[in-house]
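Remarks on the overall topology
Spelled out, the chains give:
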Amino acid sequence: MIPFEYRTPKNLKEVHATLKEFGSDAKLIAGGTSLVIMMKQRLVRPSCLVSLRSVRGLNSIEISDGGLRIGGLATHREVESSSLLRRRLPMLTETYHHVATIRVRNMATVGGGLAHADPNQDPPPSLIALGATVKATSADGSRVIPMDDFFTDYYETVLNPDEIVTEVFVPKMAANTAGAYLKFLPRTADDYATVSAAAVLTLDKTHKIISDVRIALGSVGVTPIRATAAEAILRGQPLKAEAFAEAGEKAKEAVDPVSDFRGSAAYKKEMAGVFVRRALEKALANIRQQARVKASPKAAKKTTKKGKKH
Amino acid sequence: MNKKIKLRVNGKKHELEVPTSRLLIDCLRYDLGLTGTKEGCSVGVCGACAVLMDGEMISACLTLAVMADGHDITTVEGLAKNGELNPVQKSFIQYGGFQCGICTPGQVIAATALLAENPRPNEDEIKDWMMGNLCRCTGYYKIIESIQKAHQFVK
C-alpha cells in the first residue's frame, strides 16, 4: 500500500470538510472489508482515508413512514440480527445473512457495501426488488436515489466523490405481499453467488391475481439487473404455475453474465431463469405462510419455531 | 505516514506509532510479537487471522491497525486465564480438534465467539457459524465435535 493519511472525523460535518480538503483523492472507509483488499491489490490508491468509524448515530434500524429506515453505518451483522427486521422484513434478514462470513458481517456496513457496488453482492437485488431508496448526503445537502438507478457499471454508482450513503429506506409493503432472495452457491457457503435472484410478489385480496411483482438478479451482469420484461409478463395476470416459468424464461433475456470459475455464461443464463422461477415460487409460499399466520397465529408459531435457525 | 494508536490487547494496554497502512495482523505479530494469530489467504476468506475486537470476531488481515485504535483486541494468546486454557481450548485437545494446527488459533477464536453467544450450539448452528474458518487437513468432524462438547469444560 502506498502511504496515506488517516483521518477520523467525529460527525458528518467534519467528514464533509475532510472530503472537501482532499477532493477525489480521498476515500471513505467504514468496515474496510472490501476497500482494504482493493488497496492491498493496488487497485485503489487514496492519498487519504476518511474513516466513518467515529461518526455516531448512523446505524439505527427503525420503522418510519410505515417502512424501514436503516442507517448507512449499520453493520451487516446488525441488520441480520435485528429482531425488528426479522419480524417485519425477514427477506432482508436472510439476504444479509448470506453475505460472506460473520467476521466480514461484523465490520461491513450497509452504506459501504452499496457504495462498493460489486455486482456479485447479495443485498442489491433484494433492495431493488423491495423498491428501496438510498439517501446520499454531501456538504450541499442530501438527495434520495432509487436503488434501481443507483448502480451504473462494475464498481460504479451515481454517487459523487463527496457523497456519503447515510440511509437506506425500504417502503411499506402492500397487503398480500412477500419476497424471497435465493442465492445459487454450488461451491462454498461464503462464496459470491453464481446467480442470485430476488422477487417481491403482491397478490390481490382473492389471492388469484398477481397485482404487482418486482424481480432483480445479481452476478449476471456489470450491475445488479432488474428484470422488467419478466415482471410485465406477470403483472395483472391470473396466478398459475406456468406463469412463473415463463417469467424465468423472459428474465434470461435481461442478463449478460461472463464465464468464470463459478460457471460458464451459458450456464449462468440458464440458472438465472431457474432461480427467478424459484424465487417467485418461494415468495408465493411466503405470502401463503403469512396468510396462515394471520388466520391462526398459534398454529403458525409452532411451525416457525421448529424451523428456527440461529 | 505514521499515526499514534492505543490498543488493549489481551487485557494489556499498548501505545504504539504505526504506519497508517499497517494491517492489524502485522501489528499483532511483528509489533507486539503475538504470533499465535496466523495469516492465510490475506483476503478475509480462510479465518486463520480471526481475532476478537470488543468481543466480536473480525479478520485481522482486512483491518488496518489504525481502525482498531481505542479498541479491545483478544488473540488466541489471551484466551487462557491464569495459565488455565479456556473450555474451547481444552475441548479441542480432549477431542482432537486439530491436525496440523495452522488454522487452530482462528478456529478456537471463532468457537469462543460462538459459545459466548450460544453456549450449547447444535451441529447446524456450529456449521453455520464456523463456515468461514477453513481447515486444509479437512479435520472438520473433530472440530465440530470439540465445539459441541466444549460446554463440558465450563465450570
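This is a predicted model, so every value here is computed, not measured. (Residues numbered from 1 in each chain as written. Chains lettered and ligands numbered in written order. Predicted model: local features only at pLDDT ≥ 70, side-chain atom pairs only at ≥ 80, totals over all residues. Heavy atoms only, no water.)

A few words now on the domain arrangement of chain B. Residue and element names in this part refer to chain B. Along its sequence, chain B is carved into domain 1 (2–76) and domain 2 (87–153). Here domain 1 and domain 2 have C-alpha centroids that lie 22 Å from each other. Facing the 13 residues of domain 1 at the interface are 11 residues of domain 2. Summed over both sides, the interface of domain 1 with domain 2 buries roughly 990 Å², with 71% coming from carbon and sulfur. Inspection of the domain 1/domain 2 interface yields zero salt bridges. Run the count over domain 1 and domain 2 and you get two residue pairs in polar contact (both at pLDDT 80 or more). Top contributing element to the side of domain 1 that touches domain 2 by residue count: strand β3 (residues 50–53), with three residues. By residue class, the composition of the side of domain 1 that touches domain 2 is eight nonpolar, four polar and one charged. (Domains from an automatic or database assignment. Contact = heavy atoms within 4.5 Å. Buried area = accessible area lost by both parts, 1.4 Å probe. Salt bridge = Lys/Arg side-chain N within 4 Å of Asp/Glu carboxyl O. Polar contact = N/O pair within 3.5 Å; in protein donor to acceptor, adjacent residues only side chain to side chain. Helix = DSSP H or I, 4+ residues; strand = E, 2+ residues; numbered from the N terminus. Nonpolar A, V, L, I, M, F, W, Y, C, P; charged D, E, K, R; others polar.)

Here we take up empty space enclosed by the protein. All names here are of chain B. A complete count under the given rule lists one cavity of 30 Å³ or more for this structure. Taken as a whole, the largest cavity encloses approximately 30 Å³ of empty space. Taken together, G96, G97, F98, Q99, C135, G139, K142 and I143 make up the lining of the largest cavity. (1 Å grid on protein atoms, 1.4 Å probe; cavity = no way out; pocket = protein on both sides within 12 Å on 5 of 7 lines; lining within 4 Å. Points joined across faces, edges and corners; volume = space filled by probe spheres on them.)

Averaged over every residue, the pLDDT of chain A is 94; the share at 70 or more is 96%. Segment residues 305–310 of chain A: pLDDT under 50, and six contacts once partners within four positions in sequence are set aside and those in other chains are kept. (pLDDT = per-residue confidence, 0-100.)

Residues and elements named next belong to chain A. One non-glycine residue with positive phi stands out, namely A117, at about 60 degrees. Along the chain, A117 turns up in the loop between α7 (110–116) and α8 (123–129). Overall, the relative accessible area of 2% leaves A117 in the buried class. (Buried < 20%, exposed > 50% of the residue type's maximum accessible area, 1.4 Å probe, protein only.)

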